[in-house]
Amino acid sequence: MLSVVPTPVTVRAPSKVNLHLAVGDLREDGYHELRTVFQALSLSDEVSVVPADALSVQVRGADAALVPADSTNLAWRAAELVAARAGREPAVAIMIDKGIPVAGGMAGGSADAAATLVALDALWHLGLGRDELDELAAELGSDVPFCLHGGIAIGTGRGEHLVPVLSRHTFHWVLALAKDGLSTPVVFRELDRLRAEGNPRRVDGTDELLHALAGGDPHVLAPLLGNDLQAAALSLNPALRRTLRAGVEAGALAGIVSGSGPTCAFLCADEDAAVTVSAELAGAGVCRTVRVASGPVHGARVVGASTP
Ligand code: C5P
């Protein structure tokens, strides 16, 4: 008898940088009210799903050893959630190819969850609509809906309520990956502590930033980037100050901590400048490794699938 090897469905999902991240007060549910502007970046993960006897997760890539391959992995939880919605067993093998730094403030885990939702929707021919996918995504984590959508968006609430921002321009970034990760809840708690002790500076509104995005000039955008979590990330990892300085000295227009960090994101004038900055930063000894990326890019999308 011929055995047919099932063809996996593969989905690519982007990372993100918060161009603007205003953190409001701590809510009763333990989350902070946010207003943020996300941009999806070309640094991405690929997630493949294939039918199997039981649910499993495998992780490949440079940081694979740092990613749990059990039910604490957000992709695993995404598979359980879609299966429950579809009224079937989550009998799939999930393979994650990591390109996004782990615990880096770039939504790596959220990208994998978003990719798994899209992949299983395709594998099981569920035809889940945008609203249903959004609802499942928000249940999995604050950044998962944005990883589904990609592009540029304003996020409010926990970050899960999105309004798209149209932009016809591509921006070029250099990302400095740190040696150790930072835990998102720990960084939020550190900000609460800093605010209880003093009055760390808060980012301004988003009007000018949205204007700059529409205009497409990175020189105008650069001074408008801001992140309330940066003070907390720097407090927990003071060495990041040196990284931020080194990126600007290397020719970047501006540097910010990405989300809860510790990845530092440097906006550059153009693609050539990004390559130059990345080479210089790589030699400066201020980070583990350096990546060049651009954005906005699209959200989680099937890149390879079985033909019926
Ligand atoms: O939603 P997600 O699971 O990604 O959030 C991880 C943690 O980050 C939360 O448990 C919370 O401590 C913190 N967080 C927050 N406010 C937000 C988003 C996340 O305090 N808006």
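Residues numbered from 1 in each chain as written. Predicted model: local features only at pLDDT ≥ 70, side-chain atom pairs only at ≥ 80, totals over all residues. Heavy atoms only, no water.

- The name that an unreviewed UniProt entry assigns to the chain is 4-diphosphocytidyl-2-C-methyl-D-erythritol kinase, with the source organism given as Rhodococcus zopfii.
- What UniProt records for the chain under Catalytic activity (unreviewed entry) is the sentence "4-CDP-2-C-methyl-D-erythritol + ATP = 4-CDP-2-C-methyl-D-erythritol 2-phosphate + ADP + H(+)". (UniProt positions renumbered as here; feature names shortened; annotations may be inferred.)

1. Considering the side chain of serine 278
1) Next: Within the secondary structure, serine 278 sits in helix 10 (residues 271-283).
2) Next: In this view, serine 278 contacts Val174, Val290 and Val292; residues no more than four positions away in its chain are not counted. (Helix = DSSP H or I, 4+ residues; strand = E, 2+ residues; numbered from the N terminus. Contact = heavy atoms within 4.5 Å.)

2. Description of the packing of helix 8 (residues 229-236) against helix 9 (residues 240-249)
1) Next: Direction vectors running N to C along helix 8 and helix 9 enclose 120°, while the axes themselves pass 8 Å from each other. Relative to helix 9, the element helix 8 is oriented oblique. Every residue of helix 9 that contacts helix 8 at Gln230, Ala233 and Leu234 is listed here: Leu240, Arg241 and Leu244.
2) Next: In terms of residue class, the contact of helix 8 with helix 9 is made up of four nonpolar, one polar and one charged. (Axes fitted to C-alpha atoms, helices over the stretch in contact; angles between N-to-C directions. Parallel < 35°, antiparallel > 145°, perpendicular 65-115°, else oblique. Nonpolar A, V, L, I, M, F, W, Y, C, P; charged D, E, K, R; others polar.)

3. Observations concerning the side chain of threonine 36
1) Next: With respect to the helices, strands and loops of the structure, threonine 36 is situated in strand 2 (residues 32-51).
2) Next: Once residues lying within four places of it in the same chain are set aside, the contact partners of threonine 36 are Asn18, His20, Leu21, Ala153, Ile154 and Gly155.

4. Thoughts on the sheet that holds strand 11 (residues 289-295)
Strand-to-strand pairing in sheets goes through backbone hydrogen bonds, with the strands running parallel or antiparallel.
1) Next: Spatial strand order, 9-10-7-11: four strands in an open sheet with antiparallel pairing. Bordering the open sheet on either side are strand 9 (254-257) and strand 11, each of which pairs with just one other strand. Sheet twist, expressed as the mean angle between neighbouring strand axes with direction ignored, is 25°.
2) Next: Direction of pairing for strand 7 (residues 171-177) relative to strand 10 (residues 264-268): antiparallel, over a ladder of five bridges. If you follow histidine 172 over to strand 10, its bridge partner there is cysteine 268.
3) Next: Along the sheet, helix 9 contacts strand 7, strand 9 and strand 10; its crossing angle with strand 10, the most-contacted strand, is approximately 15°. (Pairing = 2+ DSSP bridges.)

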